[in-house]
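What follows is the residue order along each chain.
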Amino acid sequence: MAEFKQADSMYEWFDQRLGIDKFLKVMMTEYWIPKNINFLWAMGVLLTVMFTILLVSGLFLLMYYKPDINMAFDSVNYTIMQEVAYGWLFRHIHAVGASVVFLIIYIHMFTGIYYGSYKKGREMIWISGMLLFVLFSAEGFSGYMLPWGQMSYWAAYVITEIFGGIPLIGGDLVVWIRGNFYVSDSTLTRFFMLHVLLIPLAILGTIVLHFYALRFPHVNNLDGEFFDYDAEAKKYLDGKKVESKVVPFWPVFLSKDFFVLGFFLLFFFYLTFFHFNFAMDPVNFDKADGLKTPAHIYPEWYFLWSYEVLRGFFFEIAGISGKSLGLIAFAVAQAVFFLMPWLDRSPMVKPANQRPYFKYWFWFLMVDLIVLTIYGKLPPTGTNAWVGFASSITFLSLFIALPFITKAEGKKVGGK
Amino acid sequence: MKELKILAVLAVLVGITYYGIEPYAHHEMHPPVAPADFTYNGKQEVALYTKTMDEKLVAATENVAVQTAELAKATDAKAKEAITKKLEKAKSEVATLPETAKAEAQRRTDFWKTANHTAALEGNVTNGKVLVDANCIACHGIDAAGMPMAISNADAAASYGVVPPDLSSAATIYDAKYLAAFIASPVDAMHIQEKYSPESGKTFPMPSYNWMQPQEIADVVAYLKSLSVKKLEGKEAHKATFEAACGRCHSMQYAKFESTTPADALKTYMGTTPPDLSQYIKSRGEHYLHDFINDPQALLAGTAMPRVGLTEVAQHDVIAYMEEIGDPKKDERISLGIYTLAFTLVFAILGYLWKRKIWSEVH
């Protein structure tokens, strides 16, 4: 054991034992972030804050929520919303937060795609981020079931039913997931467990992995420029702060994030207090009733695009039923973003607007995703069904075309 | 500035998506309907009826074409006979429907005309009391006149299907024209002619008093108006109106209120258990409730819920009560929301100033 000299202060006492000085340097004051960034680089910190807000508000809700089909609805809508002091506040924050966190996730994700922040060494950042997206999706879906309203029940019914389309094991799988032949008390209690324990644990672990994955390849910058971080860091430490291409995480990077966070929270609290119906669907204030199907069943807005890819195939093609085709397309849609680093075969790490072909691909994708999202909510009848089909096909085609487009782009720019 | 441009692009993308999944989708899923109508002149009802019958005629005409095609295809004599029968039935429907519809539309128009005329007459309270004593109190209680219901709610529900309302506040919460129409023909006033059609074999528990002269009906209404009901204000009034207007069929669990008609009797009477209304202000929203209560059939054809005939003021009371019970934290939410936004704005401004200070050293 190393020899410890008598500590002169409490700080020193802890520093001797926990290496606070060094830890703060590594994590904060000498964790280097590129200077050439814009407000879109604040989304990571926004997401960390949102996750914390969700975790804390969730803890308060957990004190009064009752995971039982006979009590769940009233424990949320009466006990929490009416009896508990400020229970309504925590519920609003949690429900609106769950929706807004996806908005920020999408912005974060498409910022990454736009600036090419998933390639040349940044693959693990991308993969761990996509894992977080999947985990948050599972978290959102399981949480939406808990208030046990009509939309909780029927969205759970429809989404679990999807697994029934898997060949051979589908039927058994649905029963296994639900813990019963229909969505029932056992479904609610297991989704409760997933929502409050298993998935949050997995999210915490994956967040750590995501942050860790940033350390070696470093954060991307506005121009996709690669430079020597050690040299730039040295410049900064030597006092050439203006010249250096990097800034420390604390206080420089975070000061910008706090500023962005402030205005984001204004938006978030406005929604929480004054404009929350988009995240707390009115239909869900009717108690779940397995005998009464709502006129329109739709998932939360952040699942609409992939839901529409599932629904888009509504007729048989080449002897394969629409349902199976939809399921295949849906499975592809869930997995395909993971493959971005390998589907993009152009060596360029540049913002999309500086890439001759990729820029078209990117904006096509954005438009297609918005169309999918909007038509994912509309009733799938008449022209709506065909728009859904066309945009689903477009979605798949975009990803099939991506390697060819980027390969051609690579040739055009000659490996730059 | 470039960052503001990026923010604008972001706002446009999010804005389009929001517009598509919220206002636009809601508009597509719930097409607009005729607004609440407190005139009780029957015009909207007749327009709706005519439209429904026109649609029925189109369907019947299509059916004739379908059956004709089937008949041409059929080879077996027995099948031909069966199809011919169906075809004749469909043809006769097409032939009679327009006239039946026209006659019924005229009947409804006349019905509401008479009701309006009746409501405009000057009623005689003394004569009204005689008529009420002779015709109404066998089934209805009138607390305000010292005549409570003679039997318990459970017995009343068992005898009539549903607990007959106490008439004390009838003239306060129901529109006078509606009341006049109701006495003459409850089923027509309530807009549930489909449910109690001659073919259904059902009869509404209260008979039509269409044998009364308009003047006599006006007398009854005048008497009911003369009853001195304790004038309530604010939340008390909201609660009383809700219980009188809705409470015979609907419960309000979050107010610990149970429908006066027992649940099992209600299910037999209505064909379905009327919903608990605790969260209806949230699940349906004020706007929908406003139109729906005024004329349920117009928004949900075939629903068991009748038109209640509330005055605009009484309907406002009912909705206010639903909000007081279903969303009691609304005021707290708004005031705390304003404070929170003010606090966050200060945080954001400080954040901006701090960022400016820090970044001035590195730029």
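Residues numbered from 1 in each chain as written. Chains lettered and ligands numbered in written order. Predicted model: local features only at pLDDT ≥ 70, side-chain atom pairs only at ≥ 80, totals over all residues. Heavy atoms only, no water.

**Description of the overall build of chain B**
Argument step 1. When its secondary structure is counted, chain B shows 16 helices and zero strands.
Argument step 2. A compact globule built from 363 residues should have a C-alpha radius of gyration of about 21 Å, whereas chain B, at 28 Å, is more than 25% larger.
Argument step 3. Its C-alpha atoms put chain B at 95 × 75 × 40 Å along the principal axes.
Argument step 4. By the burial criterion, 42% of the 363 residues in chain B qualify as buried. (Helix = DSSP H or I, 4+ residues; strand = E, 2+ residues; numbered from the N terminus. Rg over C-alpha atoms; globule rule 2.2 N^0.38 Å. Buried < 20%, exposed > 50% of the residue type's maximum accessible area, 1.4 Å probe, protein only.)

**Brief notes about the interface of chain B and chain A**
A common way to report how large an interface is uses the accessible area buried once the components associate.
Argument step 1. Between chain B and chain A, the contact holds 51 residues from the first and 57 residues from the second.
Argument step 2. Of the roughly 5,100 Å² buried at the junction of chain B and chain A (both faces included), carbon and sulfur atoms supply 73%.
Argument step 3. On the chain B side of the contact with chain A, Tyr254, Arg333 and Trp359 of chain B bury the most area, a combined 13% of that side's loss.
Argument step 4. There are four salt bridges connecting chain B and chain A.
Argument step 5. Linking Glu361 of chain B and Lys241 of chain A is a salt bridge whose minimum nitrogen-to-oxygen distance equals 3.4 Å.
Argument step 6. Our enumeration of links across chain B and chain A arrives at 16 residue pairs in polar contact (both at pLDDT 80 or more). (Contact = heavy atoms within 4.5 Å. Buried area = accessible area lost by both parts, 1.4 Å probe. Salt bridge = Lys/Arg side-chain N within 4 Å of Asp/Glu carboxyl O. Polar contact = N/O pair within 3.5 Å; in protein donor to acceptor, adjacent residues only side chain to side chain.)

**Description of helix H11 (residues 263-270) of chain B**
Residue and element names in this part refer to chain B.
Argument step 1. Taken together, the buried positions of H11 are occupied by Leu266, Tyr269 and Met270. Taken down its axis, H11 places every buried residue within 80 degrees of arc, on the same side. Opposite the buried face of H11, at more than 90 degrees from it, the exposed residues are Asp264 and Thr268. (Arc of directions from axis to C-beta.)

**Concerning the domain arrangement of chain B**
Argument step 1. Domain boundaries in chain B define domain 1 (1-31), domain 2 (41-106) and domain 3 (332-360).
Argument step 2. Each of domain 2 of chain B and domain 3 of chain B has a C-alpha centre, and these two points are 67 Å apart. (Domains from an automatic or database assignment.)

**A closer look at the packing of aromatic side chains**
Residue and element names in this part refer to chain A.
Argument step 1. Under the definition given, this model contains 66 aromatic pairs over all chains.
Argument step 2. With a centroid separation of 6.4 Å and 50 degrees between ring planes, the pair formed by Phe273 and Phe274 is classed as tilted.
Argument step 3. Judged by relative accessible area, which is 2%, Phe273 ranks as buried.
Argument step 4. Taking relative accessible area as the criterion, Phe274 reaches 31% and is therefore assigned partly exposed. (Phe/Tyr/Trp six-rings, centres within 6.5 Å; stacked < 30°, edge-to-face > 60°.)

**Section: the environment of Asp286 of chain A**
Argument step 1. Locating Asp286 of chain A in the fold gives a position in the loop between helix H11 (249-274) and helix H12 (304-312).
Argument step 2. Here the alpha-carbon distance between Asp286 of chain A and Ile20 of chain A, two residues 266 residues apart in the chain, equals 53 Å.
Argument step 3. Sequence-distant contacts of Asp286 of chain A, that is, excluding residues within four places in its chain, are made with Phe73, Gly149 and Gln150 of chain A together with Tyr280, Ser283 and Arg284 of chain B.
Argument step 4. A polar side-chain atom of Asp286 of chain A sits 3.3 Å from a polar atom in the side chain of Ser283 of chain B.

**Quick look at the nonpolar core**
Argument step 1. In this structure, Ile113, Phe337 and Phe395 of chain A are the most contacted members of the largest nonpolar core, which totals 137 residues.
Argument step 2. With 17 residues, the single largest contributor to this core is helix H5 (residues 87-114) of chain A.
Argument step 3. Sequence-distant contacts of Phe395 of chain A, that is, excluding residues within four places in its chain, are made with Trp305, Val309, Ala333, Val336, Phe337, Leu365, Asp368, Leu369 and Leu372 of chain A.
Argument step 4. Counting residues in hydrophobic clusters, the runner-up holds 66 residues, among them Cys249, Met252, Leu289 and Ile319 of chain B. (Core = buried A, V, L, I, M, F, W, Y, C linked by side-chain atoms within 4.5 Å.)

**Some points on the side chain of Thr241 of chain B**
Argument step 1. Residue placement: Thr241 of chain B occurs in helix H10 (residues 234-245).
Argument step 2. Excluding its chain neighbours within four sequence positions, the residues that come into contact with Thr241 of chain B are Ile173, Cys246, Ala314, Asp317 and Val318 of chain B.

**Some remarks on the environment of Val132 of chain B**
Residue and element names in this part refer to chain B.
Argument step 1. Tracing the backbone shows Val132 in helix H4 (residues 125-135).
Argument step 2. Residue Val132 is classed as buried on the basis of its relative accessible area, which comes to 0%.
Argument step 3. Taking the C-alpha atoms as reference points, Val132 and Gly326, separated by 194 residues in sequence, lie 38 Å from one another.
Argument step 4. The residues touching Val132, leaving out its near neighbours within four places in the chain, are Ile137, Ile142, Val220 and Tyr223.

**Side note on unusual backbone geometry**
Argument step 1. Here the amide bond leading from Trp250 of chain A into Pro251 of chain A is cis, since omega sits at 0 degrees, within 30 degrees of zero.
Argument step 2. Relative to the elements of secondary structure, Pro251 of chain A occurs in helix H11.
Argument step 3. Even without glycine at this site, Trp148 of chain A takes up a positive phi of about 55 degrees.
Argument step 4. A positive phi angle is found at Lys256 of chain B, which is not glycine, with a value near 55 degrees.
Argument step 5. Structurally, Lys256 of chain B is set in the loop between H10 and H11.
Argument step 6. Lys256 of chain B sits in the exposed class, given a relative accessible area of 70%.

**Overview of the pattern of salt bridges**
Argument step 1. One pass over the full model with this rule turns up 24 salt bridges over all chains.
Argument step 2. With its nearest N and O atoms 2.9 Å apart, the salt bridge here joins Glu409 of chain A to Arg355 of chain A. You can see Glu409 of chain A sitting in helix H16 (residues 383-413) and its partner Arg355 of chain A sitting in the loop between helix H14 (340-343) and helix H15 (358-377), a full 54 residues away along the chain.
Argument step 3. In this structure Glu409 of chain A comes out as buried when scored by relative accessible area, which is 0%.
Argument step 4. We note a salt bridge from Glu243 of chain B to Lys239 of chain B, for which the minimum N-O separation is 2.9 Å. On the criterion of helical spacing, the pair formed by Glu243 of chain B and Lys239 of chain B is a turn pair, its members being four residues apart in helix H10.
Argument step 5. Within the structure, one salt-bridge network assembled from shared partners comprises Glu45, Glu104, Arg107, Arg108, Asp188, Asp295 and Arg307 of chain B.

**Overview of the domain arrangement of chain A**
All names here are of chain A.
Argument step 1. What the domain assignment reports for chain A is domain 1 (34-275) and domain 2 (304-416).
Argument step 2. Relative placement of domain 1 and domain 2: their C-alpha centres are 23 Å apart.
Argument step 3. Facing the 25 residues of domain 1 at the interface are 28 residues of domain 2.
Argument step 4. Summed over both partners, the interface of domain 1 with domain 2 buries about 2,300 Å², with 72% contributed by carbon and sulfur atoms.
Argument step 5. For domain 1, the biggest contributors to the area lost against domain 2 are Tyr114, Lys119 and Ile162; these three give 28% of the whole.
Argument step 6. Our count for the contact surface shared by domain 1 and domain 2 stands at one salt bridge.
Argument step 7. For Asp344, the salt bridge identified is with Lys119, shortest N-O distance 2.9 Å.

**Regarding the side chain of Asn284 of chain A**
Argument step 1. Looking at the element boundaries, Asn284 of chain A is found in the loop between H11 and H12.
Argument step 2. Those residues in contact with Asn284 of chain A that lie beyond four places of it in its chain are Phe73, Tyr144, Pro147, Gly149, Gln150, Met151 and Ser152 of chain A.

**A few points about the packing of helix H7 (residues 150-162) of chain A against helix H8 (residues 170-178) of chain A**
Residue and element names in this part refer to chain A.
Argument step 1. Two elements in contact, H7 and H8, have axes separated by 8 Å at closest approach and are oriented at 140 degrees. When the axis of H7 is compared with that of H8, the two are oblique. Crossing geometry of H7 relative to H8 is assigned as right-handed. Each of Tyr157, Thr160 and Glu161 in H7 lies in contact with H8, whose residues at this interface are Val174, Ile177 and Arg178.
Argument step 2. Here the residues of the contact of H7 with H8 are counted per class, giving three nonpolar, one polar and two charged. (Axes fitted to C-alpha atoms, helices over the stretch in contact; angles between N-to-C directions. Parallel < 35°, antiparallel > 145°, perpendicular 65-115°, else oblique. Left-handed = near helix turned anticlockwise from the far one by under 90°. Nonpolar A, V, L, I, M, F, W, Y, C, P; charged D, E, K, R; others polar.)

**Points about helix H13 (residues 285-294) of chain B**
At 3.6 residues per turn, the α-helix brings residues three or four places apart onto the same side.
Argument step 1. Looking at H13 of chain B, one finds that the buried residues are Gly285, Leu289, Asp291, Phe292, Ile293 and Asn294 of chain B.
Argument step 2. For H13 of chain B, the secondary structure elements touched by its buried residues are helix H12 (280-283), helix H14 (296-299) and helix H15 (312-326) of chain B.

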